[in-house]
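# Examining the three-dimensional arrangement
Single-letter residue listing:
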Amino acid sequence: MEKIPDFIDFLLENDIEVSPDLDICYSPSRGYHVLLSLDVKNPLARNTPLARVPKSAVLSASSSVLCNLLSDDKQRSLAGLVLAYLIERNLGDRSPWSRYLDMLPSREESCLRFWDQDEQEWVRETDAADILRAAEEDLAEMYDNTATPFFESQRAVVRATIGENVPWDNFTSKKTFADAVSVVAARCFEIDAFIGLGLCPVADLFNHSDHEDVHFETRFEVCEWCGNNDTCEHDAQALREAAGENDNESEGDDSAPPEIEDGNNDDFNDINVDDDDDGDDDKDTCDIVVHRRIAFSRQGYIQRTREIFNSYGPLSSGQLLVKYGFAIRRNAHDYLSLEREMRALYREEGIPWHELIDGSGHFNSDAGTKHLDGFRWQDEWEDVSEGEESREHDHGDNHHKASSEEGGESELKIDIRGRISFHLWDRLVLYCVRTGGSPSPSAYHEILRVFNSAPSSLANRLSGTSRCIIETLLVLLSRRWDRYQDGGILSAEYDYVISEEVASRELTDRESRKRNALIVLANEKEMLELAKARCEKALGIV
Amino acid sequence: MVEVPHQTPCSRIDCKNIASSLQCPTCLKLGKDSYFCGQDCFKKAWPTHKLVHKTLQPTTPYDPFPTFSYTGSLRPVYPLSPMRTLPDSIPRPDYATDGIPHSEQRLFRTTNIHINTAEEIAAIREACKLGRKVLDIAAAALTPGVTSDSIDALVHETCISIGAYPSPLNYYHFPKSVCISVNEIICHGIPDQRKLVDGDIVNIDVSIYYKGVHADLNETYYVGEKSLADTDSVRLVETTRECLDKAIELVKPGMLFREIGNVIEKHATANGCSVIRTYCGHGINKLFHCAPNIPHYAKNKTPGVAKPGMTFTIEPMLALGSWKDKTWPDNWTSATVDGRRSAQFEHMLLVTETGVEVLTARNADSPGGPVPRIS
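Residues numbered from 1 in each chain as written. Chains lettered and ligands numbered in written order. Predicted model: local features only at pLDDT ≥ 70, side-chain atom pairs only at ≥ 80, totals over all residues. Heavy atoms only, no water.

Looking up chain B in an unreviewed UniProt entry gives the name Methionine aminopeptidase, with the organism given as Lipomyces starkeyi NRRL Y-11557. The Catalytic activity (unreviewed entry) field of the UniProt record for chain B holds the comment "Release of N-terminal amino acids, preferentially methionine, from peptides and arylamides." Checking UniProt for chain B, the heading Function (unreviewed entry) contains the comment "Cotranslationally removes the N-terminal methionine from nascent proteins. The N-terminal methionine is often cleaved when the second residue in the primary sequence is small and uncharged (Met-Ala-, Cys, Gly, Pro, Ser, Thr, or Val)." (UniProt positions renumbered as here; feature names shortened; annotations may be inferred.)

Identification of chain A as SET domain-containing protein from Lipomyces starkeyi NRRL Y-11557 is taken from an unreviewed UniProt entry.

What chain B contains, in helices and strands, is 9 helices and 17 strands. When the backbone C-alpha atoms are referred to their principal axes, chain B occupies close to 80 × 50 × 40 Å. Out of the 375 residues belonging to chain B, those deemed buried represent 58%. Contacts spanning at least 24 positions in sequence make up 68% of the contacts within chain B whose residues lie at least 6 apart. In the form shown here, chain B has an accessible surface area of approximately 15400 Å², with 56% of it arising from carbon and sulfur atoms. Each charge sign in chain B was given a centre, from 39 positive and 40 negative side chains, and these centres are 4 Å apart. (Helix = DSSP H or I, 4+ residues; strand = E, 2+ residues; numbered from the N terminus. Buried < 20%, exposed > 50% of the residue type's maximum accessible area, 1.4 Å probe, protein only. Contact = heavy atoms within 4.5 Å. Areas by Shrake-Rupley, 256 points an atom, 1.4 Å probe, with all protein chains shown as cover. Lys, Arg positive; Asp, Glu negative; His and termini not counted. Charge placed at Lys NZ, Arg CZ, Asp CG, Glu CD.)

Let us look at helix H8 (residues 231–250) of chain B. Taking 1.5 Å of rise per residue, 20 residues should cover 28 Å, and H8 of chain B covers 29 Å from first to last C-alpha, within 8% of that figure. Residues of H8 of chain B that are buried: Ser-233, Val-234, Leu-236, Val-237, Glu-238, Thr-239, Thr-240, Arg-241, Cys-243, Leu-244, Ala-247 and Ile-248 of chain B. (Expected span 1.5 Å × (residues − 1).)

Take the sheet that holds strand S14 (residues 334–336) of chain B next. Residue and element names in this part refer to chain B. What the 3 strands build is an open sheet, ordered S5-S14-S13; its pairing is antiparallel. Every interior strand has two partners, whereas the edge strands, strand S5 (185–187) and strand S13 (325–327), have only one. For this sheet the average axis-to-axis angle between neighbouring strands, irrespective of direction, equals 40 degrees. Where S5 and S14 come together, 2 bridges link them in antiparallel fashion. By the bridge assignment, Cys-187 is partnered in S14 with Ser-334. (Pairing = 2+ DSSP bridges. Axes fitted to C-alpha atoms, helices over the stretch in contact; angles between N-to-C directions.)

A few words now on empty space enclosed by the protein. Residue and element names in this part refer to chain B. The final tally for this structure, using the stated rule, is 5 cavities of 30 Å³ or more. Of the volumes computed, that of the largest cavity is approximately 160 Å³. Leu-74, Ile-180, Ile-190, Asp-192 and Trp-328 are the residues nearest the centre of the largest cavity, which is lined by 17 residues in total. With 3 residues, the top contributor of residues to the lining of the largest cavity is strand S4 (residues 179–182). Here the residues of the lining of the largest cavity sort into 9 nonpolar, 4 polar and 4 charged. Approximately 90 Å³ is the volume attributed to the second largest cavity. (1 Å grid on protein atoms, 1.4 Å probe; cavity = no way out; pocket = protein on both sides within 12 Å on 5 of 7 lines; lining within 4 Å. Points joined across faces, edges and corners; volume = space filled by probe spheres on them. Nonpolar A, V, L, I, M, F, W, Y, C, P; charged D, E, K, R; others polar.)

This part is about the UniProt feature "binding site: a protein" (unreviewed entry) in chain B. Residue and element names in this part refer to chain B. When the UniProt feature table is mapped to this numbering, "binding site: a protein" (unreviewed entry) covers His-188 and His-289. Turning to its location among the elements, His-188 is positioned in the loop between S5 and strand S6 (201–210). Position of His-289 among the secondary structure elements: in the loop between strand S9 (281–283) and strand S10 (290–294). His-289 gets classed as buried once you look at its relative accessible area, which sits at 3%.

Let us now look at the domain arrangement of chain B. Partitioning chain B into domains gives domain 1 (2–53) and domain 2 (102–358). For domain 1 of chain B and domain 2 of chain B, the distance between their C-alpha centres works out to 50 Å. (Domains from an automatic or database assignment.)

Turning our attention to the environment of Pro-166 of chain B. All names here are of chain B. Checked against the element boundaries, Pro-166 lands in strand S3 (residues 165–166). As for Pro-166 and His-267, which are separated by 101 residues in sequence, their C-alpha atoms are 33 Å apart. Residues contacting Pro-166, with those up to four places away along its chain left out, are Leu-86, His-156, Cys-159, Ser-177, Ser-207 and Ile-208.

Residues and elements named next belong to chain A. Taken together, the side chains of Asp-6, Asp-9, Asp-93 and Asp-102 present a region of like negative charge at the surface. By the secondary structure assignment, Asp-102 is in the loop between helix H4 (98–101) and helix H5 (117–121). Asp-102 gets classed as partly exposed once you look at its relative accessible area, which sits at 42%. (Patch = residues over 30% accessible without salt bridge, like charges linked within 9 Å, V, L, I, M, F, W, Y side chains within 5 Å. Salt bridge = Lys/Arg side-chain N within 4 Å of Asp/Glu carboxyl O.)

Residues and elements named next belong to chain B. Sequence positions flagged by UniProt for "binding site: Zn(2+) 4" (unreviewed entry) are, in local numbering, Asp-216, His-282, Glu-315 and Glu-346. Considering the C-alpha atoms alone, the annotated residues occupy 131 residues of sequence yet fold into one spot, their largest mutual distance being 10.8 Å. Topologically, His-282 is positioned in strand S9. Classification of His-282 by relative accessible area gives buried; the value is 0%. Assignment of secondary structure puts Glu-346 in the loop between strand S15 (342–344) and strand S16 (347–351). Contact partners of Glu-346, with chain neighbours within four places excluded, come to Asp-205, Asp-216, Leu-217, Asn-218, Leu-244, His-282, Thr-313, Ile-314, Glu-315 and Thr-360.

Further remarks concern the pairing of strand S9 (residues 285–290) of chain A. Residue and element names in this part refer to chain A. Here S9 lies mainly inside the structure; 6 of its 6 residues are buried. Because side chains alternate across S9, one face comprises the buried residues Thr-285, Asp-287 and Val-289, and the other comprises Cys-286, Ile-288 and Val-290, equally buried. Two elements, strand S8 (residues 214–217) and S9, share 4 bridges in a ladder whose sense is antiparallel. Within S9, the residue paired with Phe-216 across the bridge is Ile-288.

Tracing the sequence through the fold places Leu-473 of chain A in helix H16 (residues 464–483). In this structure, the C-alpha to C-alpha distance between Leu-473 of chain A and Val-202 of chain A, residues 271 residues apart in sequence, is 45 Å.

What follows concerns the sheet that holds S15 of chain B. Residues and elements named next belong to chain B. As summarised here, the arrangement of the 3 strands in space is S8-S12-S15, forming an open sheet in which the pairing is antiparallel. Only two strands of the sheet have a single partner each, and these edge strands are strand S8 (274–275) and S15. The pairing of S8 with strand S12 (residues 317–319) spans 2 bridges and is antiparallel. Across the sheet, Val-275 pairs through a bridge with Leu-318, a residue of S12.

Residues and elements named next belong to chain A. Evaluation of the coordinates by the stated rule reveals 25 aromatic pairs over all chains. Ring centres of Phe-151 and Trp-168 lie 6.0 Å apart, and the angle between their planes is 80 degrees; on these two criteria the pair is classed as edge-to-face. In this pair, Phe-151 is assigned in helix H6 (residues 127–153) and Trp-168 in helix H8 (residues 168–171), connecting sequence segments 17 residues apart. We classify Phe-151 as buried; its relative accessible area is 6%. Trp-168 sits in the buried class, given a relative accessible area of 7%. (Phe/Tyr/Trp six-rings, centres within 6.5 Å; stacked < 30°, edge-to-face > 60°.)

Right, let's talk about the side chain of Lys-532 of chain A for a bit. Residues and elements named next belong to chain A. In this structure, Lys-532 sits in helix H18 (residues 509–538). Buried charge without a salt bridge: Lys-532, with Glu-536 as the nearest opposite-charge side chain at an N-O distance of 4.9 Å. For Lys-532, the residues in contact, after removing those within four places along its chain, are Leu-474, Leu-477, Ser-478 and Trp-481.

As a further point, take the packing of H6 of chain A against helix H9 (residues 174–185) of chain A. Residues and elements named next belong to chain A. At their nearest, the axes of H6 and H9 sit 11 Å apart, and the two run at 115 degrees to each other. For the pair H6 and H9, the sense of crossing is right-handed. Where H6 abuts H9, its residues Leu-139, Ala-140, Met-142, Tyr-143 and Ala-147 lie against Lys-174, Phe-177, Ala-178 and Val-181. Here the contact of H6 with H9 is built from residues that sort into 8 nonpolar, no polar and 1 charged. (Left-handed = near helix turned anticlockwise from the far one by under 90°.)

This brings us to H18 of chain A. With 30 residues, H18 of chain A should cover 44 Å at 1.5 Å per step; its first-to-last C-alpha distance of 44 Å lies within 8% of that length. Positioned one or two residues after H18 of chain A, Gly-540 of chain A has a phi angle of 85 degrees, which is positive.

A word on the confidence of the model for chain A. All names here are of chain A. Considering every residue of chain A, the mean pLDDT works out to 77; 73% of them sit at 70 or more. Below a pLDDT of 50 lies the segment residues 245–281, which in the model reaches 66 contacts outside its immediate sequence neighbourhood of four places, other chains included. Predicted confidence is poor over residues 356–408, with pLDDT under 50, and the contacts of this stretch with residues over four places away or in other chains come to 101 contacts. (pLDDT = per-residue confidence, 0-100.)

Put into C-alpha cells, the structure is as follows:
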C-alpha cells in the first residue's frame, strides 16, 4: 500500500494520465485494484478515456535493455518480454520502471501451477488440469528454446549488466523463469505490431470480470520495423522493392536542384523520441476506455461494488484458474471441452481422427460453416452483444489482455448455454455417418429446434441422423460427467458449499484456493447439466 | 588620385591607349580594378565590358532571412559559396547522388545494433585517425577574421587530398562539407561568409567517409584572447569537455545506453549548464547514423546495452541558459531559444572486450585542449 505514492511519481514522470474519477487501492485478497472515486457525481459515458499510457512508458523487450540482444520475433513474444522483465527487475533502482515493478509480486501465488499437490487434486478432472498440463509444456518450450540459448549466448553481457551480486545460477534457473512467466503472463497486453507483448502500467491494475466496464485499446497497425503510426520510409521502400527498382539509382535528372524536405533535415543526428516538445498529435497511447456506461443511483452504486473491471478476454474457467488464479461463478464466457470423450469414441469405432471427409460429402470442415450460424457460436471473440468494431484493428484480441499461445485449447466444446461448437458438430456428424447414418440436410434444422427448447413431442419426428447426433452427444456428456468421480454432485450442491464460504472475514490462501476449485467444478457441472437436459428432452427421455 | 599602374592599357580590348585613372564604378564595387582611357572608350566598351561583372562573385553580404526572429546576435552571411565537387576517384556514400541515405532509412529505428567485424574495425580505426587529422588542420586555421566558409574549403580540400569524402556533404542536402557552429548555435551551423570574431567560441564537427566507413568527431575552440577571458564561456566549454570524458568512463560491455545521460546531466547541472535534448549520440559504422540512439540527458529510456565491437558517438551539447532549441529557416542551423551560448564535444568510441577505445582521441599536437576555469 505504501508503494502507491512512489507509483504516482512514476506516473507523473512518464506522462501517464489517470482520470481523477479513479482510486487505486490495495487489499490482500484482491491485490491492487481500481475503484470508482466517491467524489464522482455523473455517470461515465461509453468511450470516455479513463487512463492514457504513452507507448514509451510500456515495458517491452524492444524498449528495454534487451532490444539488441534478441531477434525481433522473440522480442515480441512472451518469452522475450519475460526476459526483459527479469533483467529490469534485477536492475533495481537503475531501471526506469523500478517503482512500477516494485508493486508486482515475485510470483502469482494463486495460479494453479503453484498449488500444492493435494490442492491440485481438487480440480483433477476439470479442463483446468488439461490447460495446466499444456501450459507446463509451453513453459518448458520457452525455457529451453528461448531463455536457455539466450542466457548462454549473452552470458557475458547480461552478467556485466546486472552485476555480480545476482547469483547467475539462481537468475537463470527454471524456477525463477517460471515465477516470472506467471507474473508477466497474468498482466501483459498485446500493444501493437512493432512492440508485440508489453507490460503497461496502470492498465494492468484492473481486475477481470465477465461483465466488464472498460476495455484496453491501442492502435495496433503500425510499421513492424519502426513502430511508426503513419507512412514511413519502410512503406516507401516496400513499394520500391515491389516495383523492382534498384535503391541505388538516382531519381530523375539533376538539372533542377532537389527539393529540400523539411522533416528529413532534422535527422542529421537521430532525433530523440523522448523530446518533451512533441505535440499531442504525435502522442501514441494505450488507453483504458469506458465500454459499458458506468452509472450509479443517488443512494449508491448500481454496480455491485465500486470496483471497475476490465476484460482479459472471453476466457473459460480453466483458463482463468491456470493463468490468473481466480474463478467466477457462472462465467458468461465459459466453455467445456469434450475432446477426450470424443477421441475415445472414435477409437472405439476405429475411425481415424485425422480423416477428412471426401469431396462428395457435405461435411468437410469448410463446407460446414454456412449451416452453422445460430447453432454454434462464433469462434472469433467478437463483442457480439454490442456489435461494435474495436478501434482501428480487426483483431478480436486487442480489447483485452493477451492470451498466450492457446495451450490445451480444445475446439470441441460446449458453452454455458449448452450450445456446441462448430468443430464438435463436425465430429459428431462424421461419427454418425461413419457408424451407419446417412447425411441429411434436415438434420441441422432439427438439431436447431432441439437446442431452442423444442417440445418433447418432436422427439418422435426426429430423423435418424439427428437422433444419432443427439444420442452421441449425450454419451459424451455422460462420460464427461462420470469423469469427476465425485459421486455425481450437482452444481447446486457445490453452490451451497461455496456460499457457505462467503466469509465476512478474509480467507486464508488455502481456503481461497478451495473456493476457486469449487467454483470451477460448479461451472463445469452446470454446463453439463444444461446440455444433458436438452438432449434428454429432445430424445423424449424425461 | 588613384595610383594607376605604369603603362596599363585601357581595358577596352581594341583600344591601344594608356588608361587614365578612370575606373568602372561597378568593377570597383566588386573589388576589381578596371581602368579606361576616357569616358568615350568606357561607353564603347560597355556592351562587352558589363559581362565581366556577371562573372565576378557579388561580395555584398546579406541576411537571407531578414524577417526571421533570431534568438541571438548571430546572423547568417550569404551568399554561400557554390557546392563543392570532388574527383570521381573518391568513393561516395549512397546519399551523395540524391541526398537521401536510403541504406540508413531502411534501418530507421530498428532495434538491432550492428557488431563490426575485424575488417570493419580496422577501417574504422584508420578513418578516425584521419578524421582527427582533418579536424586538427581545420582548428589550426581558426583565427579572428577568417570566414567559416574558408574553413569549409580547407576541410574539403584536405579530405580530397587523403582520398576521403566529407560525410556531411549532401547528407539530406546539407550544402557544405563540415558543420561550424558559433556561439549560440548548438549544432549543424552552415559555413558561410561570416568572419570569426575575437571572443567567439566555435565548434567544428568533422565527419569523413573513408574505405566504406564513417568517422565523426567535434571540438569547441576559443577564438582570440577575449573568449579565453570570458568566465561563462570557459565554464561552458570546459564543463562540456568534462561531461564527454565522464561519459566515456562508463563505456564497457554491459553498459546501458540509457545511463550515459545521467552522468552528463549530473555534471552539467553541478556547473550551472543545461543539456540539449533534441540531438543525440548515435551508432556509426558503414552508416553515418544508425542504432543506438544515445540521449545526453538524465532518466531517458533509450533501449539497448553495449557489446564488444559496437561503434558509436557520444556528443553532449550544453547551454548556459535554456535547453530548448529553435531551427533557422535554412532547416539546419539550430540555435538556443534564449540566444545564450552552447558548446559541444564529440568522440567516436569502440566497445572492447574490457572497456572502450576512443577512436578519435587527441594527439599531443592537436590544437585546443582544456584550459583552467576562471575563478
